[in-house]
Amino acid sequence: MYQILDDFKSLLLTVDANISHYFGLSDGEPWQPYTVWTEYELDGLHGGDTYTETVWRVLVERYTKDENDAVVLALMNKLASAPGVTFQYSLRRNQELGMLYHAWDCEVASGTL
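All residue numbers refer to position in the chain's written sequence, counted from 1. Confidence filtering applies because this is a predicted model: local features only for residues at pLDDT of at least 70, side-chain atom pairs given and counted only at 80 or more, and all residues used for totals across whole chains, interfaces and linings. The basis for every side-chain value is the complete set of heavy atoms in the structure, and neither hydrogens nor water enter the calculation.

Asker: An account of the pattern of salt bridges is requested, with residue identities and associated values reported.
Answerer: Definition used for salt bridges: Asp or Glu carboxyl oxygen within 4 Å of a side-chain nitrogen of Lys or Arg. Throughout the structure, instances matching the rule amount to five salt bridges. Its salt-bridge partner being Arg57, residue Asp43 comes within 3.6 Å of it at the nearest N-O pair. Here Asp43, found in strand β2 (residues 34-47), pairs with Arg57, found in strand β3 (residues 50-64); they are 14 residues apart in sequence, far enough to count as distant. Judged by its relative accessible area of 24%, Asp43 is partly exposed. Arg57 serves as the salt-bridge partner of Glu107, at 3.2 Å between the closest nitrogen and oxygen. Each helix is a run of H or I in the DSSP string that is no shorter than four residues. Each strand is a run of E no shorter than two, and both are numbered from the N terminus. Relative accessibility under 20% of the residue-type maximum defines a buried residue, over 50% an exposed one, and the middle range a partly exposed one, all with a 1.4 Å probe and only protein chains included.

Asker: Give me the nonpolar core: which residues, what numbers.
Answerer: In these notes, a set of buried Ala, Val, Leu, Ile, Met, Phe, Trp, Tyr and Cys residues joined through side-chain atoms within 4.5 Å is what counts as a nonpolar core. Phe8, Leu12, Val58, Val60, Leu79 and Cys106 are the most contacted members of the largest nonpolar core, which has 20 residues in total. Listed by contribution, the elements that provide at least two residues to this core are α1 (3-13), β3, α2 (70-81) and β5 (99-109). No other element matches the five residues that α1 contributes to this core. Tyr34, Val36, Tyr63 and Tyr101 belong to the second largest nonpolar core, which has six residues in total.

Asker: Go over the packing of aromatic side chains, please, and point to the residues and values.
Answerer: Aromatic rings from Phe, Tyr and Trp, taking only the six-membered ring of Trp, are treated as a pair when their centres fall within 6.5 Å; an angle between ring planes under 30 degrees marks them as stacked, one over 60 as edge-to-face, and anything in between as tilted. One pass over the structure, following the stated rule, counts three aromatic pairs. Pairing Tyr34 with Tyr63 gives two aromatic rings, centres 4.8 Å apart and planes at 20°, and the pair type is stacked. Taken together, the residues Tyr34 in strand β2 and Tyr63 in strand β3 connect sequence positions 29 residues apart. One exposure class covers both Tyr34 and Tyr63, and it is buried. When the centroid spacing of 5.2 Å and the interplanar angle of 45° are considered together, the rings of Tyr63 and Tyr101 count as tilted. Placement of Tyr63 in strand β3 and of Tyr101 in strand β5 is noted, with a sequence separation of 38 residues between them. Given a relative accessible area of 18%, Tyr101 falls into the buried group.

Right, dumping it as structure tokens:
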């Protein structure tokens, strides 16, 4: 069950070697963009009266001030091509801080990532 998360983390690390789990790592000056991933729900695909496949819900977030952030594009491509991963993508901006918030709300099923 947790192997799915280990595989997903490995997939994310191929895009951003500085990705962190739960909390961002941009506390210093100068401010640096950062990526965070958090698993928040365990569910399953149902077959009859039993779970037939474990599914994790994982939020991947990228905080950046660059409209053309290479990590955002790489994450989009990696997640879109990963078997067993589906996601909904959203983009928000904070005008005061000049920050862009990219979010991928993913469902990660077992299988080879």
